[in-house]
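Read off the chains here:
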Amino acid sequence: MAAVVDSFSFLAKEIISVLTSFRDALALIGAIYAARKTLGLSYKVVSAIRFVLYTKFGRRDLVRYGHWAVVTGCTHGIGKAYAYELASGGLNIILVSRGLKKLQEVAKDIEESFGVQTCIVPVDFNEADDAYPGIQSKIQDKEVGILVNNVGVMYDYPQFFLDVQPERLWQLVNVNVAAATMMTHLVLPQMVARGRGVVVNMSSSACFLPTPQMTVYSATKAYLDCFSRALQVEYKDRGIIVQCLMPWYVATRMTQYSETLSDPSTLIPSAQVYARNAVATIGFSSRTTGYWPHSILSWFCSYIPESLWMWFSMRLNNALRQQAHRRIKMKKLKHSESLSSFSDEDLAQQSKQD
Ligand SMILES: NC(=O)c1ccc[n+]([C@@H]2O[C@H](COP(=O)([O-])OP(=O)(O)OC[C@H]3O[C@@H](n4cnc5c(N)ncnc54)[C@H](OP(=O)(O)O)[C@@H]3O)[C@@H](O)[C@H]2O)c1
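Residues numbered from 1 in each chain as written. Predicted model: local features only at pLDDT ≥ 70, side-chain atom pairs only at ≥ 80, totals over all residues.

### Comments concerning the overall build of the protein chain
Scanning the protein chain for helices and strands turns up 11 helices and 7 strands. Here the protein chain has a C-alpha radius of gyration of 26 Å; the compact-globule value for 354 residues is 20 Å, and the former is much larger. Taken along its principal axes, the extent of the C-alpha atoms in the protein chain is 105 × 60 × 40 Å. Counting every position in the protein chain, which comprises 354 residues, the buried fraction comes to 36%. Long-range contacts, defined here as pairs at least 24 residues apart, represent 71% of the contacts in the protein chain between residues at least 6 apart. (Helix = DSSP H or I, 4+ residues; strand = E, 2+ residues; numbered from the N terminus. Rg over C-alpha atoms; globule rule 2.2 N^0.38 Å. Buried ≥ 20, exposed ≤ 12 C-beta atoms within 10 Å, placed from the backbone. Contact = placed C-beta atoms within 7 Å.)

### Considering the sheet that holds strand β6 (residues 240-245)
In space, the 7 strands of this open sheet follow the order β3-β2-β1-β4-β5-β6-β7, with parallel pairing throughout. This sheet does not close on itself; its edge strands, each paired only once, are β3 (118-122) and β7 (287-288). With 6 bridges connecting them, strand β5 (residues 197-202) and β6 associate as parallel partners. By the bridge assignment, M202 is partnered in β6 with L245. Strand contacts of helix α2 (residues 77-88): β1 (68-72), β2 (92-97), β4 (144-149) and β5, with the helix running at about 170 degrees to β1, the strand carrying the most contacts. Where helix α5 (residues 166-194) meets the sheet, it contacts β1, β4, β5 and β6, and its direction lies at approximately 165 degrees from that of β4. (Pairing = 2+ DSSP bridges. Axes fitted to C-alpha atoms, helices over the stretch in contact; angles between N-to-C directions.)

### Observations regarding the site of the ligand
Taken together, the neighbourhood of the ligand is formed by 30 residues, with G73, G77, G152, T252 and M254 sitting nearest. Among the elements that make up the shell around the ligand, the one with the highest residue count is α2 (3 residues). Taken together, the residues of the shell around the ligand sort by class into 14 nonpolar, 13 polar and 3 charged. (Near = placed C-beta within 6 Å. Nonpolar A, V, L, I, M, F, W, Y, C, P; charged D, E, K, R; others polar.)

As structure tokens, this is what we get:
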């Protein structure tokens, strides 16, 4: 009997000692995990503080990359604001967009406001197959230090795939994907030859994960993200900076379908505020939203599971689509003779109720 008790207490001691080592091992793993997370979080906080301080107070000398910058899609919105921001830093600007008259107006204003030179290249990127040699001839004798592949189109408002017209689908591919690829192919050789230059690709936060009801748009923006990251690795050692910008909503013509998104605020900046912040990140961050409140949003989103993102995007885009439908209906009503007295205040009031 005593032998059985001895064996049992021996076994129990053995098990307890194994469990203790097992517990110690688990505690060690836990400590390593916690330390890693704390270090990661501290690094992100320090980076965020550096980002805010840098974009507020620091600005690199952009002319050192070259005396000219090319901006595509620059007659409105972010592209136009970007061109003004770069010109304010002393860069001459090559404006590539469609609409000769609008281009001439922007060019004149930039020259008068900042005393720099401009060059205009009227191009419709949706029909640009044979336009690229023309663009090449305009830029080849200029020292291009910065290329901003900004041009982009979205649907008129969030929609289901089959509701998007085929012409718009072609536009999304030609303008959002082909233009950035071909423009980079045109400009990069002279940058590589000089051993310095910056390529800025305008993606979107819609590229983080697939975004329902902006399906093709988000896919084209994911292309730009992949393109930028791989290109950066290929040309980093040749002195080239490739930056991918992934902003959330910016109040421009692109977001005009929604009353909520057209009103500039801290989370939805105007094109000017966005461009000022984004230009300050050149040479500082190669993959960024370009605007620190958007970076906080992206940081939160990096922790949510894909299923939750899909669920939220679907609901948000349902609401925005309905808002756009009501807005279109109200505009039609406003233009109809029977309701010609319908005021802008009524329209805004109705959209807010939506
Ligand atoms: N606004 C946002 O919330 C937001 C968020 C994330 C990313 N982005 C991205 O930021 C970029 C700029 O957007 P935005 O909001 O500033 O848009 P926007 O206000 O609509 O301006 C787009 C500019 O591109 C030009 N453009 C459009 N189609 C063109 C074509 N086929 N050929 C030549 N030029 C063309 C427009 O010229 P026209 O006047 O002739 O049309 C305009 O100058 C886009 O790549 C967009 O995807 C925007």
